[in-house]
Amino acid sequence: QYLSHSEHDGNYVVSGTNYTIEGDLDEWQVSLIVAYQYIQALPYAGIKFSDWDTDWAIWQTDVPATRSSGQDEAEDNFGVIVGCDFYFERDWKLNLEGRFCDETAFSASLGYTF
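Residues numbered from 1 in each chain as written. Predicted model: local features only at pLDDT ≥ 70, side-chain atom pairs only at ≥ 80, totals over all residues. Heavy atoms only, no water.

> I'd like a rundown of the side chain of Glu97, residues and numbers included.
If you trace the backbone, Glu97 turns up in strand β7 (residues 92-100). Look at Glu97 and you get buried, because its relative accessible area is 17%. Polar side-chain contacts of Glu97 include one of 2.7 Å to the side chain of Tyr44. Ignoring anything within four residues of it in the chain, the contact list for Glu97 reads Tyr44, Ile81, Val82, Gly83, Ala105, Phe106 and Ser107. (Helix = DSSP H or I, 4+ residues; strand = E, 2+ residues; numbered from the N terminus. Buried < 20%, exposed > 50% of the residue type's maximum accessible area, 1.4 Å probe, protein only. Polar contact = N/O pair within 3.5 Å; in protein donor to acceptor, adjacent residues only side chain to side chain. Contact = heavy atoms within 4.5 Å.)

Below you can see the structure in the form of structure tokens.
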């Protein structure tokens, strides 16, 4: 999965002062997952490698000498994924997933197949 945001340029007013902001963000993830169907559940686990970096700049619009800029990047790149799909009724599925180490995240979704 690859995600890129760019051209986040804009002019903003904060407490009566005009600022100009520029920013770019790049992120990508690669994962390897194993799963096993058990009755109406499909548990899975895996590992992933992810990375992101960002470039940014901000300055007072009328005073270019106030320009401040920087870069940032991911501190941890390797992570663990664990989750399970639960199939119930005829066409419904509940998914629960956690991601750890390089990020701490939890997601849930409910799906209907038609």
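Next comes the rest of the write-up.
> Mind laying out unusual backbone geometry, listing which residues take part and the relevant values?
At Ser15, a residue that is not glycine, the phi angle is positive and equals roughly 50°. Mapped onto the elements of the fold, Ser15 is located in the loop between β2 (10-14) and β3 (17-35). The class of Ser15 is exposed, set by a relative accessible area of 78%. In this model, Glu89 sits at a positive phi of 55°, which is unusual for a non-glycine residue. For Glu89, the location among the structural elements is in the loop between β6 (78-88) and β7. Judged by relative accessible area, which is 66%, Glu89 ranks as exposed.

> Tell me about the packing of aromatic side chains, and please be specific about residues and values.
Each aromatic ring pair is summarised here by two numbers: the centre-to-centre distance and the angle between the ring planes. A full pass over the atoms with the stated rule returns four aromatic pairs. Residues Phe49 and Phe78 carry aromatic rings whose centres are separated by 5.0 Å and whose planes lie at 65° to one another, so their mutual orientation is edge-to-face. Residue Phe49 is found in strand β4 (residues 41-60), and its partner Phe78 is found in strand β6; the two are separated by 29 residues along the sequence. Under the relative-accessibility criterion, Phe49 is labelled partly exposed at 26%. Members of the aromatic cluster, each reached through a chain of ring pairs, are Trp28, Phe49 and Phe78. (Phe/Tyr/Trp six-rings, centres within 6.5 Å; stacked < 30°, edge-to-face > 60°.)

> For the environment of Asp72, give the residues involved together with the corresponding values.
You can see Asp72 is positioned in strand β5 (residues 63-73). A sequence separation of 37 residues divides Asp72 from Ala35, and the C-alpha atoms of the two residues are 35 Å apart.

> Residue-level account of a negative patch on the surface, with values.
Where like charges cluster on the molecular surface, the negative patch consists of Asp9, Glu22, Asp24, Asp53, Asp55, Asp72, Glu73, Glu75 and Asp76. For the negative patch, the elements supplying multiple residues, two or more each, are β3, β4 and β5. With respect to the secondary-structure elements, Asp9 resides in the loop between β1 (2-5) and β2. (Patch = residues over 30% accessible without salt bridge, like charges linked within 9 Å, V, L, I, M, F, W, Y side chains within 5 Å. Areas by Shrake-Rupley, 256 points an atom, 1.4 Å probe, with all protein chains shown as cover. Salt bridge = Lys/Arg side-chain N within 4 Å of Asp/Glu carboxyl O. Lys, Arg positive; Asp, Glu negative; His and termini not counted. Charge placed at Lys NZ, Arg CZ, Asp CG, Glu CD.)

> Could you give an account of the environment of Ala65, naming the residues involved and the relevant values?
With respect to the helices, strands and loops of the structure, Ala65 is situated in strand β5. Residues Ala65 and Asp53 lie twelve residues apart in sequence; the distance between their C-alpha atoms is 25 Å.

> Which residues make up the pattern of salt bridges, and what are the values?
Evaluated as defined, the whole model comprises six salt bridges. Here Lys48 and Glu103 are joined by a salt bridge, their closest N and O atoms 2.7 Å apart. Residue Lys48 is located in strand β4, and its partner Glu103 is located in the loop between β7 and β8 (105-112); the two are separated by 55 residues in the primary sequence. On the basis of relative accessibility, which here comes to 27%, the residue Glu103 falls in the partly exposed class. The partner of Glu103 in a salt bridge is Arg99, and the shortest N-O contact between them spans 3.3 Å. By relative accessible area, which is 16% here, Arg99 ends up buried.

These results come straight from atomic positions and should not be treated as a statement about function.
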